[in-house]
Structures are given as C-alpha cells and as structure tokens.
Amino acid sequence: MKRVTAAAQKKTPYKCSVEPYDWFIHSVESQVSKQEMQLVSKVVHSMLDASKENCIRIPTGGTPLTLARVTAPKAPVSDLSVRTRKRRVQELQKTRKILSAGPMDSDILLQDEIRALTKEEKQQLLHDAGITVDVQPIHELAMKSMLGIPWYRLRILRRWLKQSGVCLGSERKQRALCKELIGDNLEVELAPFSFKLPNGEEGLRGAAYGYTPNLTSKIVQLLEQNEKEGKLTWHGGIIPNDQIWIKLGGDKGGGLFKMIFQIVNTPKPNSVHNTCVFSCFEADDTVTNLHVALDRFRSEVDHISRMKWRTYTLKLFLTGDLEFLSIMYGLSGASGKQPCLFCLITLDQLGMSVDRRGSCVPRSLDSIILDHQSFIEAGGNLKRAKWYNNCIHDPFFNIPLSQTLKDLDSALIELEQLNQEAESVQQLATYNAIVAGAVTPIVDELLELAGNCYKRVQVQEEKVKTLRETIQMGFNLEEGPCIKGIESCLTSFGVCRQRYYGGIFVGNHVHKILKPANVDTLCSCVLKATENVPELKLEAVAVHQKFRTILMQFSECHVLYDSTVLTQDDIQHLGQAIKNFFCSFDRDFKGIARTLKMHILEDHMLEWLSMHQAGCGLMGEQGAESIHAKFNSSLRTYSGIKDPVAKLKCILQDHYLSISPHMTSAVPPPKKRKHM
C-alpha cells in the first residue's frame, strides 16, 4: 500500500463523506492518485452512457462543467476511410452545437470559422472539397436578358465559370423557362412593307415583322406579375384608385419602328424595363406601313379601353411626337392648313397671340371621324383636304384626344431658333466690326506709301480688295467667334447638336441647356466675343440680356410641365410662366414666327394638365425613345444571324425577358456609393 505523507493528506481537499462533485476540485499543486482517476473515469463513463446528447454537465456551484466524448485519433484523417471520416464530422457537428449553446446557432459558428481563414485558404478549401455554387435558373436567365448574352456565348461563359466553382443550369432548362415566361404570345414573320425604290417610286418588299398576337393577354400578364412583386402604385392619388393607366406610343429608331405600351401604375413608368414592344417592323413609319402593322390591334385596343382587370378600369393614353400623333389620328401633319391636333387653328393664325386671334374651335375624336367621312364622300382629293380640316385618314385607335399628350421635350426647336438668331446677329455684328476696323488702317497706310513704293501699294491694294469682297459676299457663320464660343459651351455641358433635323437637340440635352447656370454661360458668349470691340459693347450687353431673359423664362416653363406631379398651385404658376415667356417673345423677337409646338404650349398644355394633374415626366414618350438604345445593342449582339426573321425573334425574346417583373426582381441592385 502506497504511503501517504502528512503533507499530501493536508493538501487533499476531499474525504469520503463529501459530495460527488468535490472529487473534481483540486488545487494546481495536487496530484491525482490512480484510484481517483479510475473512480472519475467510471463515473464519467456511466454518466455519458446515460446521456442522449453524448455530453454531460456537472454542477460545480458556479458555471457547470461540460464534458463531451471525443474519439482519440489513432491515424491521420487522410488515411481514414470515408465511413470513419463521416463519423468524425458528426462528432465535430455535435461539438459545435455544444459550443454554440443552441442547435440553430451552430451554423453561425461554422460561418465564423470559415471567415477566419485567409482568402487563399478559402479558395483552396472550396477546390479541395469540390464545393460549387449553383445559380438559380431565373437568375441566369435574368443575366442573359439584361446583359444581352446570346446562347452560344452563354455556353462559353458556363465553361469558364465551372472552372471557378460556379455552375450554371443546363441550356435546356433555360430555354424551357424562357418559353414558359414568354409563352406563345410572340410571332415573327415576313410581311409586305412599302419601300422607296432607287428610281424614287414606292414598291412592296418583304421585311421582318414581329408582334404580340394577344395584346390583352400580354397586358394582363404584366399586371399580374407587377402585382405579385408589389410594384403597382397609384402615385400618391394622381391616378384614381379604381383605374389602371396604360400608355400607347410609337417611334422609329435604329431602322426599326416600335409600337410600345407602358403601365403607368409602376414606380418608374418611363423605364426601359417597363416598356413593352408589341409591334415592331424593319421599315419606314409611313401610313401604309403602319396600317400593315397596327390594323390587327384596332378592335383589341377598343376592347382593352372598355375592359376591367380585377376591380380596376383600364384607361388608355396615346403619346409620341407630333408627326406620329398626326398619323395616328389621320391628319395630314404640321404642313396642313389646320396643323394642330387639338384645335382648328390655321397656319395664318398660328403666328398670332391668343389676345389677337381668340380661342380656336377644339377638335375631338368624333369630329375627326366625321371630317374624314366627309372627305372620302367628296372624292378623297388631297388637294381639297383643307376644306375637311386635313382629316385625310381614319384614326388608328379610338382613343379620345383628351387622353393624348404631345411631349414637349422636343419643343426646344423654339430654343434652337432663338440660338440661331442669337448666333447670326451676334456674329454678323462682330465680324463686320472686325473687318471694318481692319480696312481703315490699311487704307491710311496706302496713302502714306503711294508716292514712295509702287510695289507695296499694289500689295496693299490687293488686301483691300480682298477684304471688301469678303464684306460684300458675307462669311461662313460657323467660323465666327460667337459660333465657336457657343459650340465650346455646349461641349462643356455634354451637349451636341443633332447631325440632321436642323441641328436641334434631343430631350436629355434640353434639360442640361436650360439649367440656370448653363443659360448664363451660354448667353455670355456674346460678351466674350466682343471684348476687344468697344463699339459693340452696348449692343452685346443688350443681346445678352434679351436672350438670357427668354431662356430663363422658357426654363421655368420646362421644369414645370416636364415634372411628374403638378398641384393646382403648380399649374397656376405654369400659366403665369407661359404668359411671361410669350410676352418677352412677342416683344424681343418680332421677326421670328411662332411654331406649332409653341401654340400647343400656350393653348393646350394647361388644359391637359388641369384635367389629369400629371406632367410630361410621367406621361411623356421617354420610354419609346430610350428603348432604341436597347434594341440597337441587341442588333449588334445578333448581327451574325443572317435571317432577319430569326434575328428579330431573338431580339424580341430578350426584350420580353428583360421587361418581366420576375426578371427585374432577380437583378441585384447596385451598391450605393459612399459620399466622402
């Protein structure tokens, strides 16, 4: 029997009569005997065998002591069988649950354990474990449609991503999902359209034509998807709670004419992803071609304007540029005797103010139909169209004129006229002054040198002759100081003139030019161009003030009518701003005639806004304009497809996928930038 010293007995803190947990209480210096270890082992094994969780908790008078059974490794893990490694993994999972103090929190502990690894260790771990990331089919299809990736490029991308552990779904599943989302509501075929032949005549030729066979079904489908995604809105009461507003519009761009519809009851009604093309053809948007493409929708549009979806009444609006709207309502256009879409004002009255000519007789959908019937009964002679208010065609759709909006973004043609007037007046005065100032000293020099050097006199005479001929013949306005100054200012704004259509500006550039700071910079060009010509200083100041005033007043009108929501106070403010603009225009620009768009701004804009309280920012044609860039990008993507029908079908399939609310919801939003 082992001898126990008095010192050891003194250090031993337990006796046989103590509680069981006292067996585990020892000081650091104490030594455990063999009998004690055997007793502890027997007690622990008994308690572990009785435990269902493979761990025991021993009370200590404070925080309980937790003991868990862990298998002692006899060989490296790499040498173990798969079955044995699975048992070790299960033990680790049980241990992690114990440490996390809850079965649901063990995953958090595992995530923290992985985050603690370095980037290289994480990548090596994923590679060695063969872990891959599977992309959901709807996310993959959303990526394909939003980025404009064709199927063959998606196959290449699939192989690349697979090397990095990202697995895309099979192409068969993607095509099946695409067919499920689009359905059978898309047809593309060759149709006879009118084209101009090389000899100047018109002839028929087959062109790709894509359309939605069931427009009603397409609208209902998008409404249901938007409702499911929670995207339907009534814009704070602008739209009545029992109505759904839908805009129809059309425009040509990139060689394709596109007829679109937009659901206004969405957060961003003019977004590209809310613009659905339901008719598209690769030809000019002439009256003949529009009848070929749109006549099939005439009865269906009438049905939609009278139908209900759920408990909501559908209300159709028609929007677009002035030329498109004139064609839609059967008018001969801005060159007719009665050019206005909304009233019977004549070309002679167009240049008069409201005070001089008074109000004009308004048009209506019924009056247009009656005038057209009278025109047909009288023989349909286009030369006599002015006697029938220029109603030469039957309206395409029965949408009232009160639900038609002419977007005035392109109304900056008035601003363009003002700029052209400013350029010509400013530069002509500046150039004449510079040339005239250069002639006088040359003539004086000729008189001094006449008796001394005959050859020098001849040289100077030639210079005088050249300068006088220049003054008589005029000069190139584009080379003058004012033109160069204006072009420099426009470039600094990020604005460029359109190469065609008289050098006017697009709608987005209108917003930039009409900013007050940019207006000041633009009008100051005349002051800078005449800095070295004191004789023109007073005239330059007058020109600067005149154009700054008119542009600032037009800017005030533009900001108001181009907004999304207008209150009654805003409409009254706009009415006063329009009066101020036209008063300044009549006073300072008597030589410039009023245009049709100026007439619409003065006579019809306030009436429309008062009726609907929604401005051009909500009901304009920006969506039809912005869809061109998307289609042009798709045309470049599928340029390798020679068959025009197959190419247009691929473009429209990508388009229908990109506008699906399910697809747009699957696209991750961009991260907001942190402001420094």
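It should be noted that the structure appears before, not after, this text.
Undergrad: Where do I start with the overall build of the protein chain in this structure?
TA: When its secondary structure is counted, the protein chain shows 29 helices and 12 strands. Per-residue burial over the protein chain gives 41% buried out of 676 residues. As displayed, the protein chain has an accessible area near 38800 Å², and 55% of this comes from carbon and sulfur atoms.

Undergrad: I would appreciate a short explanation of a nonpolar patch on the surface in the present structure.
TA: Together, L39, V43 and M47 make up a nonpolar patch on the protein surface, roughly 200 Å² of accessible area in all. In this structure, M47 sits in helix α2 (residues 34-50).

Undergrad: Please explain the nonpolar core as it appears in this structure.
TA: A general tendency of soluble globular proteins is for nonpolar side chains to be buried together. Within the largest apolar cluster, 137 residues are counted, with the highest numbers of intra-cluster contacts made by F261 and M328. Dropping the residues within four chain positions of it, F261 is found in contact with L215, K218, I219, L222, I246, K247, L248, N274, T275, C276 and F278.

Undergrad: What exactly am I supposed to notice about the packing of aromatic side chains here?
TA: Here the structure, examined in full by the defined rule, presents 17 aromatic pairs. Between the aromatic rings of F317 and W608, the centroid separation amounts to 6.4 Å while the plane-to-plane angle is 65°, which identifies the pairing as edge-to-face. Here F317, found in strand β11 (residues 312-320), pairs with W608, found in helix α25 (residues 605-612); they are 291 residues apart in sequence, far enough to count as distant. Across this residue pair, the class does not change: F317 and W608 are buried. Judged by centre distance (5.1 Å) and plane angle (75°), the rings of F547 and F589 are edge-to-face. Placement of the pair is F547 in helix α22 (residues 537-561) and F589 in the loop between α23 (568-588) and α24 (596-603), with a sequence separation of 42 residues. An identical accessibility class is assigned to F547 and F589; each is buried. Joined through ring pairs, the aromatic side chains of F193, Y209, Y211, F257, F281 and F324 make up one cluster.

Undergrad: When you look at the side chain of K247 in this model, what are you seeing that I'm missing?
TA: Counting through the fold element by element, K247 comes out in strand β7 (residues 243-253). Here N270 takes part through its side chain, which lies 2.7 Å from a polar atom of the side chain of K247. Side-chain polar atoms of K247 contact the backbone oxygen of L618, separated by 3.2 Å. Sequence-distant contacts of K247, that is, excluding residues within four places in its chain, are made with I260, F261, Q262, V264, N270, F317, T319, L618, M619 and G620.

Undergrad: Teacher, can you tell me more about the pattern of salt bridges here?
TA: A pair can form between side chains of opposite charge whenever their charged atoms are brought close. Within the structure shown, the criterion is met by 15 salt bridges. Between R298 and D295 there is a salt bridge, with its nearest N and O atoms 3.4 Å apart. Here R298 falls in the partly exposed class, since its relative accessible area comes to 24%. Under the relative-accessibility criterion, D295 is labelled partly exposed at 35%. One salt bridge in this structure joins E602 and R594, with 2.4 Å as the shortest N-O distance.

Undergrad: Quick question: what am I supposed to make of the packing of helix α27 (residues 622-637) against helix α28 (residues 644-658) here?
TA: Where α27 meets α28, the closest approach of the two axes is 10 Å, and the angle between their N-to-C directions is 130°. Between α27 and α28, the angle falls in the class oblique. As for the relative orientation of α27 and α28, their crossing is right-handed in sense. Along the contact surface, α27 presents I627, K630, F631, S634 and L635, while α28 presents K647, I651, L652, H655 and S658. Class assignment of the residues belonging to the contact of α27 with α28 gives a composition of five nonpolar, three polar and two charged.

How each quantity is defined
- Residues numbered from 1 in each chain as written.
- Predicted model: local features only at pLDDT ≥ 70, side-chain atom pairs only at ≥ 80, totals over all residues.
- Heavy atoms only, no water.
- Helix = DSSP H or I, 4+ residues; strand = E, 2+ residues; numbered from the N terminus.
- Buried < 20%, exposed > 50% of the residue type's maximum accessible area, 1.4 Å probe, protein only.
- Areas by Shrake-Rupley, 256 points an atom, 1.4 Å probe, with all protein chains shown as cover.
- Patch = residues over 30% accessible without salt bridge, like charges linked within 9 Å, V, L, I, M, F, W, Y side chains within 5 Å.
- Salt bridge = Lys/Arg side-chain N within 4 Å of Asp/Glu carboxyl O.
- Core = buried A, V, L, I, M, F, W, Y, C linked by side-chain atoms within 4.5 Å.
- Contact = heavy atoms within 4.5 Å.
- Phe/Tyr/Trp six-rings, centres within 6.5 Å; stacked < 30°, edge-to-face > 60°.
- Polar contact = N/O pair within 3.5 Å; in protein donor to acceptor, adjacent residues only side chain to side chain.
- Axes fitted to C-alpha atoms, helices over the stretch in contact; angles between N-to-C directions.
- Parallel < 35°, antiparallel > 145°, perpendicular 65-115°, else oblique.
- Left-handed = near helix turned anticlockwise from the far one by under 90°.
- Nonpolar A, V, L, I, M, F, W, Y, C, P; charged D, E, K, R; others polar.

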